Amino acid sequence: MRAPFTLLAAALLTGALAVPATAADGDGEFTIRDPRITESSGLAASRQHPGIYWTHNDSDDGAYLYAVDSRTGETVATITMTGVGSPRDVEAVSIGPDNEIWVGDIGDNLGGTWPHVWIYRLPEPKNLRDQKIRATQYVVKYSDGARDAESLVVHPKTGRVYIVDKNEKGGHLYEGPAGLSPGGTNVFRPVAAVPDLEATDATLSPDGEHLVVRSYFGAIAYDWNGGKLKRKERLGVPFLGQGESVTYTADGTKLMFGAEGADSPVEPQDAPGGSDSAPAEGGSSSSAEGAGGEGLSGDLKTGAIAAAAALVVVFGLRRLRRRD
């Protein structure tokens, strides 16, 4: 019985401790190496530059965007936005039609007291180098009062802008006007509930058919359904620290999850499949548990499996040593 047990232990150890290989196309696991990026709060996959991810710091940094090469983790271009004043609490970045970058200066750490927030739009540069780019600034208010938010998505087909507010009891998807006006106030209105989740970021699939909203410890996938969200499934997310960002890869096959902090990691996960893989809604936990609790339970299950595998290996090796 020694040989079979040894093979089992080796298999478990390999599965528990294996490190994902870096994908050849740059959509594998990577670490953001730039020492200037200590509060990466948003992530967006470039469609124009394969393997490039746009990110930014949270606050107290300035009007900067960073293009990070996922093959090396190094910043290959720093964009300074002009024409936007001093950003206050930048929390999200998204790529819209025609390779335009949209930036959400929409955070409100004072609990939703700012009379307005801002969104910036600028063209993604064709050449990745340090440069200044003039951005268009939009003033945004919510129809039902000020609120904190960290999630902004732009529909890749229509170009319409949406925000998901951050609320520990669950929030809403807010829809902006069909075309934002740089000369007035743009009012965003709630169009769908996003319950059971304290949203820290969101991402739309490249075809505009699926939305994923994440919290610190979990995520929920939806069919976009014309903005009338249809819930598909709850997702576990890799624990990387303070989970602040998520984006679909440019080809839509994976989700990339990121976190705040110096040398912050970004890890891929297969994008949710079709409706056949979605669990029954009746199997979900009570909304009172909140997104963090339910997402954490998924992580704990994964951790428990890995821990159990490790224990089997340890005890098995001890048993072999006692026999020798």
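This text follows the structure it describes.
Rules behind the numbers
Residues numbered from 1 in each chain as written. Predicted model: local features only at pLDDT ≥ 70, side-chain atom pairs only at ≥ 80, totals over all residues. Heavy atoms only, no water. Core = buried A, V, L, I, M, F, W, Y, C linked by side-chain atoms within 4.5 Å. Buried < 20%, exposed > 50% of the residue type's maximum accessible area, 1.4 Å probe, protein only. Helix = DSSP H or I, 4+ residues; strand = E, 2+ residues; numbered from the N terminus. Contact = heavy atoms within 4.5 Å. Pairing = 2+ DSSP bridges. 1 Å grid on protein atoms, 1.4 Å probe; cavity = no way out; pocket = protein on both sides within 12 Å on 5 of 7 lines; lining within 4 Å. Points joined across faces, edges and corners; volume = space filled by probe spheres on them. Axes fitted to C-alpha atoms, helices over the stretch in contact; angles between N-to-C directions. Salt bridge = Lys/Arg side-chain N within 4 Å of Asp/Glu carboxyl O.

An account of the nonpolar core is requested, with residue identities and associated values reported.
Of all hydrophobic cores here, the largest spans 20 residues; its most connected members are Trp 54, Leu 65, Met 81, Ile 101, Val 103, Tyr 120 and Leu 122. Elements with a minimum of two residues in this core: β3 (52-56), β4 (64-69), β5 (74-82), β6 (92-96), β7 (100-105) and β8 (117-123). Ignoring sequence-local partners within four residues, the contact set of Met 81 consists of Ala 63, Tyr 64, Leu 65, Val 103, Tyr 120, Leu 122, Ile 133 and Ala 135.

Which residues make up the pairing of strand β12 (residues 161-165), and what values go with them?
Counting buried positions along β12 gives 5 out of 5 residues, so the element sits mostly inside the fold. Residue alternation in β12 divides its side chains into two sets, Val 161, Ile 163 and Asp 165 and Tyr 162 and Val 164, and both sets are buried. Taken together, the 5 bridges between strand β11 (residues 149-154) and β12 define a ladder with antiparallel strand orientation. In the sheet register, Leu 152 faces β12, and the bridge partner there is Ile 163. Where β12 folds back on strand β13 (residues 170-175), the antiparallel hairpin that results is connected by 4 residues.

Any chance you could break down the pairing of strand β17 (residues 218-223) for me, citing the residues and the numbers?
Taking burial as the measure, the 6 residues of β17 include 5 buried ones, the bulk of the element. In the sheet, strand β16 (residues 210-214) pairs with β17 via 5 bridges, with the strands oriented antiparallel. Its bridge partner being in β17, His 210 is matched across the sheet by Asp 223. The turn linking β16 back onto β17 is made up of 3 residues. Bridging between β17 and strand β18 (residues 230-236) involves 6 bridges; their strand directions are antiparallel. Directly across from Ala 221, in β18, lies its bridge partner Glu 233. Where β17 hands over to β18, the hairpin turn is made up of 6 residues, of which Asn 225 adopts a positive phi near 55°.

Give a detailed account of empty space enclosed by the protein, specifying residues and quantitative values.
Here the structure, examined in full by the defined rule, presents 1 cavity of 30 Å³ or more. Of the volumes computed, that of the largest cavity is approximately 160 Å³. As for the largest cavity, its lining consists of 20 residues, and the residues nearest its centre are Arg 47, Ile 95, Thr 203, Leu 204 and Thr 247. Breaking the lining of the largest cavity down by element, the ones donating at least two residues are β2 (42-45), β6, β11, β15 (201-204) and β19 (243-248).

Tell me what's going on with the sheet that holds β5, and back it up with residues and numbers.
Taken together, the 5 strands give an open sheet; going across it, the order is β2-β3-β4-β5-β9, and neighbouring strands pair in mixed fashion. Because the sheet does not close on itself, it has two edges, and the strands there are β2 and β9 (131-134). The sheet shows a mean angle of 30° between the axes of neighbouring strands, direction not considered. Across 4 bridges, β3 lies against β4 in antiparallel orientation. Paired with Trp 54 across the bridge in β4 is Ala 67.

Got a sec to walk through the sheet that holds strand β21 (residues 265-270)? Specific residues and values, please.
One open sheet holds the 4 strands; their spatial order is β1-β21-β20-β19, and the pairing between them is antiparallel. Two strands in the sheet have a free side with no partner beyond their single neighbour: β1 (30-31) and β19. Pairing between strand β20 (residues 254-259) and β21: 5 bridges, direction antiparallel. Each residue of the ladder has a partner; that of Leu 255, found in β21, is Gln 269.

For the pattern of salt bridges, give the residues involved together with the corresponding values.
Tallied over the full model, the rule gives 10 salt bridges. Residue Arg 234 is joined to Asp 196 by a salt bridge in which the shortest nitrogen-to-oxygen separation is 4.0 Å. On the criterion of sequence distance, the pair formed by Arg 234 in strand β18 and Asp 196 in the loop between β14 (185-195) and β15 is long-range, its members being 38 residues apart. Linking Lys 254 and Asp 270 is a salt bridge whose minimum nitrogen-to-oxygen distance equals 3.0 Å. One end of the pair, Lys 254, is in strand β20; the other, Asp 270, is in strand β21, and 16 residues separate them in sequence. Residues joined in a network through salt bridges with shared partners are Asp 144, Arg 147 and Asp 165.

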